[in-house]
Amino acid sequence: MAALRRHARTLRTRFIERRNPPRGLPLRVSRRRVYILPTRNGVVFAVLLLVMLLGATNYSNSLAFALTFWLAAVALVSMHHAHANLVGLRLQAIHAAPVFAGDTLAFELSLDATGGRRRRALRVSADGRGATGQLDIGPGESRMVTIEQVTDARGRCPCPRLRIESIYPVGLFRAWTWLQPNTQVLVYPRCAGHDRLPRGAGDTRSTRQLARRGTDEFLGHRDYVPGDSPRHIDWKASARSDDLRMREYADRQSEAVWLDEDRLGTTDREGRLSQLARWVVVAERSGIAYGLQVNAQRLGPDQGPAHRLACLRALALA
């Protein structure tokens, strides 16, 4: 039985992937992409209708026939509404921030609906697991839904296959659809290891360029560049020339630290990348200028949010 279940899941996955390949945003639910089957209550209701039909036939009771056919008509109309409740839904955008391996990645989905119909009692899940609470989307509205996924490896993490379902209006039929966006999010290496930064310095030129960005010691003057802060204009020096002169300052800081993968002795590649990711976080938090060398790529030395993201990206794709 377990082998049969695995085989059935494999066939279902292949069918879904063939019918719903990854596509770019926005994704719209069409009539050909909506599936519908009776729920458990729907099956019980169908059996009840069959018993009522047999009883009406046995006793030739016209009122029993009328009630049976009326209830059957209600079921057919509810099936039509359940199908139409999903047609025209649209996945507009997906937002997700990069995380470290082992952390939970949150995909924020922006859903809206075309047409003037209000969509009710919708549930969104990732591959049919971890469904969200019911939500309604009115005409012209846009709703945000968060789908969480635990990451276990670095690299590019694709958005999971999304299942949108509803048993609206009376719970006799379940309508569902699959959406597979081609959105991918970076997952950084697992942040692990010790906090002791390695000893080492960058070249003198790189360190001197970093020092010019500080505010502690006066270095001299330079010409004004559009975008410079007016607070650093030296008006006395500018009055003696035809151009605006800017004050330059330097921070009192140590030499830049180099984070080199080749200097790590461990043979575990993922362990080396995890230690480098840990050092990037520690160096940035401590305000230390740092450079990164992984594979043939060399970044820095530098510091700041942009440099941190560039280093973590290089580690994720190494």
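What counts and how
Residues numbered from 1 in each chain as written. Predicted model: local features only at pLDDT ≥ 70, side-chain atom pairs only at ≥ 80, totals over all residues. Heavy atoms only, no water. Helix = DSSP H or I, 4+ residues; strand = E, 2+ residues; numbered from the N terminus. Buried < 20%, exposed > 50% of the residue type's maximum accessible area, 1.4 Å probe, protein only. Contact = heavy atoms within 4.5 Å. Core = buried A, V, L, I, M, F, W, Y, C linked by side-chain atoms within 4.5 Å. Expected span 1.5 Å × (residues − 1). Polar contact = N/O pair within 3.5 Å; in protein donor to acceptor, adjacent residues only side chain to side chain. Axes fitted to C-alpha atoms, helices over the stretch in contact; angles between N-to-C directions. Parallel < 35°, antiparallel > 145°, perpendicular 65-115°, else oblique. Nonpolar A, V, L, I, M, F, W, Y, C, P; charged D, E, K, R; others polar. Arc of directions from axis to C-beta. Pairing = 2+ DSSP bridges. pLDDT = per-residue confidence, 0-100. Salt bridge = Lys/Arg side-chain N within 4 Å of Asp/Glu carboxyl O.

A. Examining the overall build of the chain more closely. Secondary structure summary: the chain contains seven helices and 17 strands in total. Relative to its 318 residues, the chain shows a buried fraction of 38%. Considering only contacts within the chain whose residues lie at least 6 apart along the sequence, 66% involve residues at least 24 apart.

B. Region of the structure containing the nonpolar core. Leu89, Leu91, Leu109 and Val124 are the most contacted members of the largest nonpolar core, which has 37 residues in total. Core analysis: the second largest hydrophobic core is formed by 22 residues, Tyr188, Ala277, Leu299 and Leu312 among them.

C. Representation of helix α6 (residues 269-286) within the structure. Taking 1.5 Å as the rise per residue, α6 with 18 residues should run 26 Å; its terminal C-alpha atoms sit 26 Å apart, in good agreement. Check the buried side of α6 and you find it contacts β4 (99-100), β15 (257-260), β16 (290-294) and α7 (305-316). With a side-chain oxygen lying 3.4 Å from the backbone nitrogen of glutamate 270, the N-terminal cap of α6 falls on aspartate 268. The positive-phi residue at the C-terminal boundary of α6 is glycine 287, with phi of around 75 degrees.

D. Region of interest: the packing of α6 against α7. Look at α6 against α7: their axes get within 10 Å of each other, and the N-to-C directions meet at 175 degrees. When the axis of α6 is compared with that of α7, the two are roughly antiparallel. Along its contact with α6, which presents Leu273, Leu276, Ala277, Val280, Val281 and Glu284, the element α7 presents Pro305, Arg308, Cys311, Leu312 and Leu315. Each residue belonging to the contact of α6 with α7 can be placed in one class, and the counts come to nine nonpolar, no polar and two charged.

E. Quick look at the environment of arginine 143. Its location among the elements puts arginine 143 in strand β8 (residues 142-150). Among the residues examined, arginine 143 registers a relative accessible area of 33% and is labelled partly exposed. For the pair formed by arginine 143 and serine 110, sequence separation is 33 residues and the distance between their alpha carbons is 5.7 Å. Dropping the residues within four chain positions of it, arginine 143 is found in contact with Leu109, Ser110, Leu111, Leu135, Asp136 and Ile137. A polar contact is formed between the side chain of arginine 143 and the backbone oxygen of aspartate 136, at a distance of 2.7 Å.

F. Focus on helix α2 (residues 40-59). Taking 1.5 Å of rise per residue, 20 residues should cover 28 Å, and α2 covers 29 Å from first to last C-alpha, within 8% of that figure. Where α2 is concerned, the buried positions are Gly42, Phe45, Leu49 and Ala56. Buried residues along α2 cover an arc of 55 degrees about the axis, so they all sit on one side. In α2, the exposed positions that point more than 90 degrees away from the buried face belong to Arg40, Val44, Leu50, Val51, Leu54 and Asn58. Here the buried face of α2 lies against β2 (35-38) and α3 (62-84). Looking one or two residues past α2, serine 60 carries a phi angle of roughly 50 degrees, positive in sign.

G. Representation of the sheet that holds strand β12 (residues 184-188) within the structure. Strand order in the open sheet formed by three strands is β4-β12-β9, and the pairing between neighbours is mixed. Since the sheet does not close on itself, it has two edges, and those belong to β4 and β9 (155-158), each with one partner. One ladder, built from two bridges, connects β4 with β12; its direction is parallel. Bridge assignment links phenylalanine 100 to a residue of β12, and that residue is tyrosine 188. Where α7 meets the sheet, its contacts fall on β4, β9 and β12, and the angle it forms with β12 comes to roughly 95 degrees.

H. Geometry of unusual backbone geometry. Here the bond from leucine 25 into proline 26 is cis, since omega is 0 degrees, no more than 30 degrees from zero. Along the chain, the position of proline 26 falls in the loop between α1 (2-19) and β1 (27-28). A positive phi angle, near 50 degrees, is found at serine 60, a position not held by glycine. Overall, serine 60 belongs to the exposed group, its relative accessible area being 61%. At alanine 121, a residue that is not glycine, the phi angle is positive and equals roughly 55 degrees.

I. Geometry of the confidence of the model for the chain. Of the residues in the chain, 87% reach a pLDDT of 70 or more, and the chain-wide mean stands at 85. Scored below 50 in pLDDT, residues 201-212 makes 22 contacts in the model with residues more than four places away or belonging to other chains.

J. View of the pattern of salt bridges. Scanning the entire structure with this criterion turns up eight salt bridges. Its salt-bridge partner being arginine 278, residue aspartate 195 comes within 2.6 Å of it at the nearest N-O pair. Highlighted residues: aspartate 195 in the loop between β12 and α4 (204-211) and arginine 278 in helix α6, separated in sequence by 83 residues. Of the residues examined, aspartate 195 reaches a relative accessible area of 36% and is grouped as partly exposed. Arginine 278 sits in the partly exposed class, given a relative accessible area of 23%. Glutamate 261 is the salt-bridge partner of arginine 269, the closest N and O atoms lying 2.5 Å from each other. Residue classification places glutamate 261 among the buried positions, given a relative accessible area of 5%.

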